[in-house]
Amino acid sequence: MKFVFGNWKMYLDFDESLVLANQLATESYNSNKVEVAVFPNYLAITDVEMSLRDTSIRIGAQNCAWVPKGAYTGAISAEMLRSANCDYVLVGHSERRYVFGETDSDVRKKLEAVLDVGLTPVLCVGETKKDREEGKTEYRLKKQLMKALDGINLYSNGLIIAYEPVWAISNAGVGEPCDPEDANEAHELIDLEIKQYLDIDVPLLYGGSVTANNVLSYLAHDSVDGVLVGSAARKIETFSNLIRTVESM
Ligand code: PGA
């Protein structure tokens, strides 16, 4: 079984999210072959969840706060997402880290908050272009993983990790995908690294300019259990085509 997770970022407004959810609801994907989840904006989560309730498609959130409730203007807690029937929460997406300034320590607190309420975090890690140019890819990945995972209690919720090289993430579809061999190398490193902290199986997703045309080149590697898709998940044609491609493996 492979994972295809669609991160809708801030690409779609409320109406557009609902239109796409309703279109997805008319498709039927083989959940033995592919686990599909969508990550709408907060505003649309409840309606998208209702639209997809009778399908095998799961719902995730793009972010959360690390405290459950209180005087935190503009924040949404993991507990609120749980009561909105989310299954997953993205934690440490590079846009949260590098656009909104989240640190490794913020990521850790969010990871714990998601686990505390019984949801499954999708922890995103990845090196920047500068890291790569300076030969610091391994350093960055190891540091992000250590800060997130050292001494963590996963309970029985499980964990998914997404390797997303920051330089490979597209801006509205314009991006430079990572060479599948390089992605495989990073996945093998991540796999070894997480064994130091955890003794459970952690699915590893690749993210960064994934489309229906290149998805199989990533999934051809055993180290890649699925994909986290941004731009190509914004439209029914490209997203469904991608899911069908994975389903036909
Ligand atoms: P992309 O985004 O597919 O548009 O590169 C991936 C992501 O940021 O999750």
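Refer to the structure presented above.
Anyway, here's the lowdown on the structure attached to this text. (Residues numbered from 1 in each chain as written. Predicted model: local features only at pLDDT ≥ 70, side-chain atom pairs only at ≥ 80, totals over all residues. Heavy atoms only, no water.)

For the protein chain, the helix and strand inventory stands at ten helices and eight strands. Expected size for 249 residues packed as a compact globule is a radius of gyration near 18 Å; at 17 Å, the protein chain falls within 12% of this value. Once the C-alpha set of the protein chain is aligned to its principal axes, its extents read approximately 45 × 45 × 30 Å. Of all 249 residues assigned to the protein chain, the portion counted as buried reaches 54%. (Helix = DSSP H or I, 4+ residues; strand = E, 2+ residues; numbered from the N terminus. Rg over C-alpha atoms; globule rule 2.2 N^0.38 Å. Buried < 20%, exposed > 50% of the residue type's maximum accessible area, 1.4 Å probe, protein only.)

Moving on: the pairing of strand β7 (residues 204-207). Of the two faces of β7, both are covered, the one formed by L204 and Y206 as well as the one formed by L205 and G207. Across three bridges, strand β6 (residues 160-163) lies against β7 in parallel orientation. Pairing of A162 across the sheet is with L205, part of β7. Each parallel crossover has a hand, and the one from β6 via helix α8 (residues 180-194) to β7 is right-handed. Here three bridges tie β7 to strand β8 (residues 226-229), and the two strands are oriented parallel to one another. In the strand pairing of β8, G207 is matched with L228. (Pairing = 2+ DSSP bridges. Right-handed = clockwise from strand over helix to strand, strands pointing away.)

For the rest of this paragraph, the subject is the site of the ligand. Around the ligand, the neighbouring residues are N7, K9, H93, E164, I169, S170, G208, S209, L228, V229, G230 and S231. One of the side-chain nitrogen or oxygen atoms of K9 is found 2.7 Å away from an oxygen atom of the ligand. Measuring from an oxygen atom of the ligand, one finds a backbone N or O atom of G230 at 2.8 Å. Considering only residue class, the shell around the ligand consists of three nonpolar, seven polar and two charged. (Near = heavy atom within 4 Å. Polar contact = N/O pair within 3.5 Å; in protein donor to acceptor, adjacent residues only side chain to side chain. Nonpolar A, V, L, I, M, F, W, Y, C, P; charged D, E, K, R; others polar.)

A separate point is a negative patch on the surface. Together, D179, E181, E185 and E188 give the surface a local cluster of negative charge. For E185, the location among the structural elements is in helix α8. Judged by its relative accessible area of 56%, E185 falls in the exposed class. (Patch = residues over 30% accessible without salt bridge, like charges linked within 9 Å, V, L, I, M, F, W, Y side chains within 5 Å. Areas by Shrake-Rupley, 256 points an atom, 1.4 Å probe, with all protein chains shown as cover. Salt bridge = Lys/Arg side-chain N within 4 Å of Asp/Glu carboxyl O. Lys, Arg positive; Asp, Glu negative; His and termini not counted. Charge placed at Lys NZ, Arg CZ, Asp CG, Glu CD.)

For the structure shown, the criterion picks out one cavity of 30 Å³ or more. Of the voids in this model, the largest cavity is the one considered here, and its volume is about 40 Å³. Of all the elements in the fold, those that place two or more residues in the lining of the largest cavity are α4 (94-99) and β5 (120-125). Ranked by the residues each element gives to the lining of the largest cavity, the list is headed by α4, at three residues. (1 Å grid on protein atoms, 1.4 Å probe; cavity = no way out; pocket = protein on both sides within 12 Å on 5 of 7 lines; lining within 4 Å. Points joined across faces, edges and corners; volume = space filled by probe spheres on them.)

Time to look at the pattern of salt bridges. Going through the model one piece at a time under the given rule, you end up with 19 salt bridges. For the salt bridge of K110 with E102, the shortest nitrogen-to-oxygen distance reads 2.6 Å. Looking at K110, the relative accessible area reads 6%, which means it is buried. You can call E102 buried: its relative accessible area is 10%. For R108, the salt bridge identified is with E112, shortest N-O distance 2.7 Å. Here the residue R108 and the residue E112 both occupy positions in helix α5 (residues 104-116), the gap between them amounting to four residues, near one helical turn. Salt bridges sharing partners connect three or more residues here, namely E27, R244 and E247.

The space that makes up the largest pocket amounts to roughly 480 Å³. What lines the largest pocket is a set of 17 residues, among which K9, M10, Q62, R96 and F100 lie closest to the centre. Per-element tally for the lining of the largest pocket: the top contributor is α4, with three residues.

Attention shifts here to helix α1 (residues 14-25). End to end, α1 covers 16 Å across twelve residues, agreeing with the expected 16 Å (1.5 Å per residue, within 8%). The set of residues buried in α1 consists of S17, L20, A21 and L24. Along the axis of α1, the buried positions cluster into a sector of 100°, meaning they face one direction only. The inward-facing, buried residues of α1 contact β2 (34-39), α2 (42-52) and α10 (236-247). (Expected span 1.5 Å × (residues − 1). Arc of directions from axis to C-beta. Contact = heavy atoms within 4.5 Å.)

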